[in-house]
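# Analysis of the macromolecular model
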Amino acid sequence: MDEVMGWKERKAERKEHYDRHVHGKKLVTCAACSGSGYYDHNGSPKCGACGGKGKVRER
């Protein structure tokens, strides 16, 4: 039988994820596409560095 995680264990996992991957990072304009989300204006594919969003997270 699987042991069910309690509230404290789930909260500890969420806190660890936040501290490791989110806290202290800011969204900045992608240098590869200059924030447009595409490499150029001629119907090229989405930017691979930012996934087409125009922003990347950096410390």
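This write-up is about the structure you can find in this document. Computed from a prediction, not measured in an experiment: that's the story for all the values here. (Residues numbered from 1 in each chain as written. Predicted model: local features only at pLDDT ≥ 70, side-chain atom pairs only at ≥ 80, totals over all residues. Heavy atoms only, no water.)

This part takes up the overall build of the protein chain. Along the protein chain, the regular secondary structure elements total 1 helix and 2 strands. Shown N-terminal to C-terminal, the secondary structure of the protein chain runs as helices and strands in the order α-β-β. Taken over C-alpha atoms, the radius of gyration comes to 18 Å for the protein chain, far larger than the 10 Å a tight globule of 59 residues would show. Seen through its C-alpha atoms, the protein chain measures out along the principal axes to roughly 55 × 30 × 10 Å. Evaluated residue by residue, the protein chain yields a buried proportion of 14% over its 59 residues. Taking all contacts inside the protein chain whose residues are at least 6 apart in sequence as the whole, residues at least 24 apart take part in 42%. (Helix = DSSP H or I, 4+ residues; strand = E, 2+ residues; numbered from the N terminus. Rg over C-alpha atoms; globule rule 2.2 N^0.38 Å. Buried < 20%, exposed > 50% of the residue type's maximum accessible area, 1.4 Å probe, protein only. Contact = heavy atoms within 4.5 Å.)

Within the largest apolar cluster, 5 residues are counted, these being C30, C33, C47, C50 and V56. Among residues more than four places away in sequence, those in contact with C33 are Y38, C47, C50 and G54. (Core = buried A, V, L, I, M, F, W, Y, C linked by side-chain atoms within 4.5 Å.)

With that out of the way, let us pick up the environment of E58. As for its position among the elements, E58 is in strand β2 (residues 55-58). E58 sits in the partly exposed class, given a relative accessible area of 43%. It is 17 Å that separates the C-alpha atoms of E58 and G37, two residues lying 21 residues apart in sequence. Look past the residues within four positions of E58 in its chain and what remains in contact with it is G24, K25, K26 and V28.

Inspection of the secondary structure assignment puts A31 in the loop between β1 (26-29) and β2. It is 9.1 Å that separates the C-alpha atoms of A31 and C50, two residues lying 19 residues apart in sequence.

This part takes up unusual backbone geometry. Working note: non-glycine residues mostly have negative phi, and peptide bonds are mostly trans. If you check the backbone angles, S34 has positive phi at about 60° while not being a glycine. Tracing the sequence through the fold places S34 in the loop between β1 and β2. Judged by relative accessible area, S34 falls into the exposed class, the value being 63%.

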